[in-house]
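# Analysis of the macromolecular model
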Amino acid sequence: MSSEYAVFLGLDVGKGEHHATALDPAGRRRYDKPLPNDETRLRASPGSPSTARCWSSLISPPPSARCRSRWRVPVVVRWPTCPVSRCAGWPTCTPGEGKTDARDAYVIADAARTLPHTLRRVDAGDEALAELEVLVGFDDDLAGEATRITNRIRGLLTQIHPALERVLGPRLHHPAVLELLSRHGGPQGLRAAGRRRLLAIARKNAPRMGERLIAEVFAALDTQTVTVPGTHAAQTVLPRLAEALRSVLDQRTQIAAEVERILDAHPLAQVLTSMPGIGVRTAARILLEVGDGSGFSDRRSPGRPPPAWPR
């Protein structure tokens, strides 16, 4: 248990209002009220202890900034939602079975008081990490959308022409394949376009593998002479899916450039990206999840005993 702070403030963040619970080092409640999610009303709310360790299950820049500006909180730390839920389920941690904002706020404050080794500090002045969090979150959404569209295209190709899917499916993110699909759609459109026109497209977007790609495409087309029901509809849908996938991939490229620009200003970015296998997106994720590593006193988590190795 830490006695460095006089009050431990647990803040459960909500959309309409937050709930704050403040405990002293002995575990007695000093504050237990809902707080408005509005800066003007929050500043007008009753005062709270001026020294607190503020925890949040989903802490975001506005609540953490208000913690600092309203109550002069010296340290703002973060606790993810999963540990809050697990701790709330411990019978020895807090009684009761129903989940409420007040209960979660109490769990956060009590854990801050009794489990200091799980603290993760949030740097209020690090605007670069706040921007990275927004960009990386959007990139995660784009990655999920790209996966969904890719699976849809491969599913359609498998349904109407399995041999063609085996050629194009693994290369769907390549500009040449997307250009072929967006211009000529499925097997009927590709065959109707002819070898010469497809070669021109492939050589422009894939100079080294263009000829091999078109040869494999026509070899796949020759393996099937039956027109499967749904082929005509797929011929209409595939170009639109290819355009949507290309748009998503272009957005991911732009986001990666923005992330790289922000990372260039961070002192740890060059160290992270110099490691084998760590690119821009992975480096950004490490900075967001781990930070600068100052929360770890050594190779073990701070406050945790060394592992008991078998003898």
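See the structure shown above.
Residues numbered from 1 in each chain as written. Predicted model: local features only at pLDDT ≥ 70, side-chain atom pairs only at ≥ 80, totals over all residues. Heavy atoms only, no water.

### Comments concerning the nonpolar core
Note the cut-off: Buried Ala, Val, Leu, Ile, Met, Phe, Trp, Tyr and Cys residues form a nonpolar core when they are joined through side-chain atoms within 4.5 Å. Relative accessibility under 20% of the residue-type maximum defines a buried residue, over 50% an exposed one, and the middle range a partly exposed one, all with a 1.4 Å probe and only protein chains included. The contact criterion used throughout is that any non-hydrogen atoms of two residues lie within 4.5 Å.
Within the largest apolar cluster, 53 residues are counted, with the highest numbers of intra-cluster contacts made by Ile153, Leu168 and Leu213. When near neighbours in sequence (up to four residues on either side) are disregarded, leucine 168 contacts Leu157, Val177, Leu181, Leu190, Leu213 and Val217. Counting eight residues, the second-largest nonpolar core is a separate cluster that includes Val7, Leu11, Ala20 and Leu35.

### Some thoughts on the layout of surface pockets
Filter applied, for reference: Only protein atoms enter the 1 Å grid used here. Points where a 1.4 Å probe fits but cannot escape make up a cavity, open sets with protein on both sides within 12 Å along at least five of seven lines make up a pocket, and a residue lines them when an atom lies within 4 Å of a point. Grid points are joined across faces, edges and corners, and a volume is the space filled by probe spheres set on the points. Secondary structure elements are taken from DSSP: a helix is a run of H or I of four residues or more, a strand is a run of E of two residues or more, and numbering for both begins at the N terminus. Ten residue types, Ala, Val, Leu, Ile, Met, Phe, Trp, Tyr, Cys and Pro, are classed as nonpolar, four, Asp, Glu, Lys and Arg, as charged, and the remainder, Gly among them, as polar.
Estimated volume of the second largest pocket: approximately 180 Å³. The dominant element in the lining of the second largest pocket, judged by the number of residues it contributes, is helix α8 (residues 187–193), at three residues. Here the lining of the second largest pocket is built from residues that sort into five nonpolar, six polar and one charged.

### A look at the pairing of strand β3 (residues 29–36)
Let me state the cut-off plainly: Think of it this way: DSSP has to see at least two bridges between two strands before they count as a pair.
In the sheet, strand β2 (residues 17–23) pairs with β3 via seven bridges, with the strands oriented antiparallel. Considered in β3, the bridge of histidine 19 is made with proline 34.

### Quick word on the pairing of strand β1 (residues 7–12)
Counting buried positions along β1 yields six of six residues, so the element is predominantly enclosed. In β1, alternate side chains face the same way, and those of Val7, Leu9 and Leu11 on one face and Phe8, Gly10 and Asp12 on the other are all buried. Bridging between β1 and β2 involves five bridges; their strand directions are antiparallel. By the bridge assignment, aspartate 12 is partnered in β2 with histidine 19. Two successive antiparallel strands, β1 and β2, enclose a turn made up of four residues.

### Considering the packing of helix α7 (residues 175–184) against helix α9 (residues 195–205)
Quick note on the threshold: Only C-alpha atoms enter the line fits that serve as axes; for helices the fit covers just the stretch in contact. Angles between N-to-C directions range over 0 to 180 degrees. If you view the pair so one helix is near and one far, a crossing is left-handed when the near helix is turned anticlockwise from the far one by less than a right angle, and right-handed when it is turned clockwise.
One way to put it is that α7 packs onto α9 with a least axis distance of 8 Å and a crossing angle of 145°. Classified by chirality, the crossing of α9 by α7 is right-handed. The residues of α9 that touch α7, namely those facing Pro175, Ala176, Glu179, Leu180, Arg183 and His184, are Arg197, Leu198, Ile201, Ala202 and Asn205. Across the contact of α7 with α9, the residue classes break down as six nonpolar, two polar and three charged.

### Remarks on the packing of aromatic side chains
Heads up, the condition is: In summary, the pairing rule links any two rings of Phe, Tyr or Trp, Trp by its six-membered ring, whose centres are within 6.5 Å, and it sorts them by plane angle into stacked for under 30 degrees, edge-to-face for over 60 and tilted for everything else. By definition, being over a ring means that NZ of Lys or CZ of Arg is both within 6 Å of the ring centre and within 35 degrees of the ring normal.
Taken as a whole and judged by the stated rule, the model has zero aromatic pairs. In this structure, arginine 195 packs its charged tip against the face of phenylalanine 218, placed 4.5 Å from the ring centre.

### Examining the packing of helix α5 (residues 127–160) against helix α11 (residues 231–264)
Stated precisely, the cut-off is as follows: Angle categories: roughly parallel below 35 degrees, roughly antiparallel above 145, roughly perpendicular from 65 to 115, and oblique for all the rest.
As a packed pair, α5 and α11 sit with axes 9 Å apart at the nearest point and diverge in direction by 160°. As far as their axial angle goes, α11 and α5 are roughly antiparallel. At the point where α5 passes α11, the crossing takes the left-handed sense.

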